[in-house]
There are 2 protein chains.
Amino acid sequence: MNPSWIAVDWGTTNFRAFLMSDGGECLDRIDQAKGLLSVPQAQFPAVFDLLISRWNDSYGDLPVIMAGMVGSQQGWREVPYVQAPASVQDLANNTYSVELLSGHKAKIVSGVSCINQFGNPEVMRGEEIQLIGLNEIIKEDFQAILFGTHSKNAHWINGNIDSYSTVMTGELYSVLVNHSILGKSLPTQEFNKDAFIKGVDIGHQYPLNHVLFSARTFKLFNQVSEHYIHAYISGLLIGHEFFISNWLGKLYLVGSQKLASNYAIALDYLNIDFDVIDGDECFLKGMTKIYNSGENDEY
Amino acid sequence: MNPSWIAVDWGTTNFRAFLMSDGGECLDRIDQAKGLLSVPQAQFPAVFDLLISRWNDSYGDLPVIMAGMVGSQQGWREVPYVQAPASVQDLANNTYSVELLSGHKAKIVSGVSCINQFGNPEVMRGEEIQLIGLNEIIKEDFQAILFGTHSKNAHWINGNIDSYSTVMTGELYSVLVNHSILGKSLPTQEFNKDAFIKGVDIGHQYPLNHVLFSARTFKLFNQVSEHYIHAYISGLLIGHEFFISNWLGKLYLVGSQKLASNYAIALDYLNIDFDVIDGDECFLKGMTKIYNSGENDEY
């Protein structure tokens, strides 16, 4: 199969590029810890050229399509958000060009904004691609959690990203275990399923800040081993994502396999039907769909 | 009035001692940023002697009664918790001695533990004194929030500290503004009442982690000025304390005047009847009550 285009996910801390065939097959990939926060605005063309030079050398200039934080204020070029409900065509019609070192143009896909169920504004950059990819895989309406630092709880209805909300589970976990009293003076941590489930059980029933301190008192009273406090906190936070049960029917979990196993334990415990779909697969299926829906002669 | 005893609140970051008359009047105080975490266990007698040397020089050895984290594992001596419901007499009967440099004994008052409304264990050291003091002031059953790093929401019923729960408002605020994306890249912050109330309004209605990210998106969309983000986050967190409305009738707020004004704005907005009582006043009234209820000849 011949390489015919390049899909890029350029985030704040990592650069990931995928060499794609016309049919949407990934032939090669480049992963570098070269997040866009480390790139001065004027140097994006040169840095990008360097990052994918091995493909340039072998295949010449291929069309490039990018998504993620590369389209944010801190990125290569700030591109606006498309307001949800947003379809594939809305996104394919709203790409913005940047000039590569070769003089060719690359496209950056817009992010998606919405007003969530609480009436607050929401933004995503990159996850909209995964949602499109997930729809390519399951070909019907769905509800999904794209979990990570900032999890997105999303609904796809009638061919559109309908609405979503953000839950800061990953980041809250990180600040609590690294910077709060809950994470202080702990020995080496191990994952423990019972401790995790104890957290899920409490976290999904009660308001978060009213039960967080239990991570300390359960340790004091030896009701959770001091080796399992991280697992317990993870359970509390993931459980809290399901404090609101606005999930009917099957729930799709999109993300890395590692974290997915925690969510899987929580959802089993909470009797919520789910399927785990790989995040990279969704991203590439989504980028392929956008690529094939756009005006490719513009590159 | 003659000084006749000394009340001490020795916490993890601060040392505070009060020179008391028999009638419970505070005649002098010593405040030092000499938290017990900085004192090796064996050096407590010497450090204490140094801290209050000016009173020793003037008045000789006075009875000393201490409360707070000084009775914890990291303190001078670990003293057990009294289980709630706990009365003044329960606490006065459960003090533990440590030996001062002079050879005289000082007393440390026990903390109080309980099982909260969510079925989780709770611990307090120091706040039980303030609750006793508050009861001395208002002389009836009450519900109170002792706000701070870890706020205690407490009920006093029939002469007992009946139950309480911990809400980590102060610490969550600190880790979110200092260590999360919500606090990143902000200009100088000012308090703004409208931004604060916007936070209270959202925080008291919705589960915390599902609305936290709004501190970022409201800024992105200029719906909260970037100068008021800390005020908005404070509102979200204080509002979230009232997500559960288990307050009937008047609520007493115990703590510093500075933070009390934020709570006052929130409670006005939420139409909750309240009174603010100074935290130091409660502490000294509580220590006086314990001092007068104990066997003073044991000192």
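Placed above this text is the structure.
Now for a look at the structure at hand. (Residues numbered from 1 in each chain as written. Chains lettered and ligands numbered in written order. Predicted model: local features only at pLDDT ≥ 70, side-chain atom pairs only at ≥ 80, totals over all residues. Heavy atoms only, no water.)

Moving on, we get to the pattern of salt bridges. Once the charged atoms of two side chains with opposite charge are near each other, the side chains can pair. For the structure on display, the rule yields 18 salt bridges over all chains. Of the charged contacts, one joins Arg-29 of chain B and Asp-280 of chain B as a salt bridge, the two residues approaching to 3.1 Å between their closest N and O atoms. With Arg-29 of chain B in strand 3 (residues 26-32) and Asp-280 of chain B in helix 11 (residues 279-293), the pair connects residues that are 251 residues apart, well separated along the chain. Residue Arg-29 of chain B is classed as partly exposed on the basis of its relative accessible area of 33%. With a relative accessible area of 24%, Asp-280 of chain B lands in the partly exposed category. A salt bridge links Glu-99 of chain B to Lys-105 of chain B, with the shortest nitrogen-to-oxygen separation between them at 3.8 Å. Residue Glu-99 of chain B is classed as partly exposed on the basis of its relative accessible area of 46%. Overall, the relative accessible area of 36% leaves Lys-105 of chain B in the partly exposed class. Salt bridges here are not isolated pairs; linked through shared partners, they connect Asp-9, Arg-16, Arg-29, Asp-31 and Asp-280 of chain A. (Salt bridge = Lys/Arg side-chain N within 4 Å of Asp/Glu carboxyl O. Helix = DSSP H or I, 4+ residues; strand = E, 2+ residues; numbered from the N terminus. Buried < 20%, exposed > 50% of the residue type's maximum accessible area, 1.4 Å probe, protein only.)

All right, on to helix 9 (residues 229-241) of chain A then. An ideal rise of 1.5 Å per residue puts 18 Å on 13 residues; helix 9 of chain A measures up with 19 Å between its terminal C-alpha atoms. By the criterion of burial, helix 9 of chain A is predominantly enclosed, with 12 of the 13 residues buried. (Expected span 1.5 Å × (residues − 1).)

Attention now moves to the packing of helix 4 (residues 127-138) of chain A against helix 11 (residues 279-293) of chain A. Angle between the axes and distance between the axes are the two parameters that describe a pair of packed helices. All names here are of chain A. As a packed pair, helix 4 and helix 11 sit with axes 6 Å apart at the nearest point and diverge in direction by 90 degrees. One element, helix 4, and the other, helix 11, form an angle in the roughly perpendicular class. Counting all contacts with helix 4, which are made through Ile-129, Gln-130, Ile-132, Gly-133, Leu-134, Glu-136 and Ile-137, the residues of helix 11 involved are Gly-279, Glu-281, Cys-282, Phe-283, Lys-285, Gly-286, Met-287, Lys-289 and Ile-290. (Axes fitted to C-alpha atoms, helices over the stretch in contact; angles between N-to-C directions. Parallel < 35°, antiparallel > 145°, perpendicular 65-115°, else oblique. Contact = heavy atoms within 4.5 Å.)

All names here are of chain A. Read from one edge of the open sheet, 5 strands run 12-11-10-13-14, paired in mixed fashion. Unpaired on one side and paired on the other, strand 12 (160-167) and strand 14 (274-278) mark the two borders of the sheet. This sheet shows a mean twist of 25 degrees between the axes of neighbouring strands, independent of strand direction. Direction of pairing for strand 13 (residues 251-255) relative to strand 14: parallel, over a ladder of 5 bridges. By the bridge assignment for strand 14, Val-254 is matched with Ile-277. Lying on the sheet, helix 4 is in contact with strand 10 (142-146), strand 11 (151-157), strand 12, strand 13 and strand 14; it crosses strand 10 at an angle near 135 degrees. (Pairing = 2+ DSSP bridges.)

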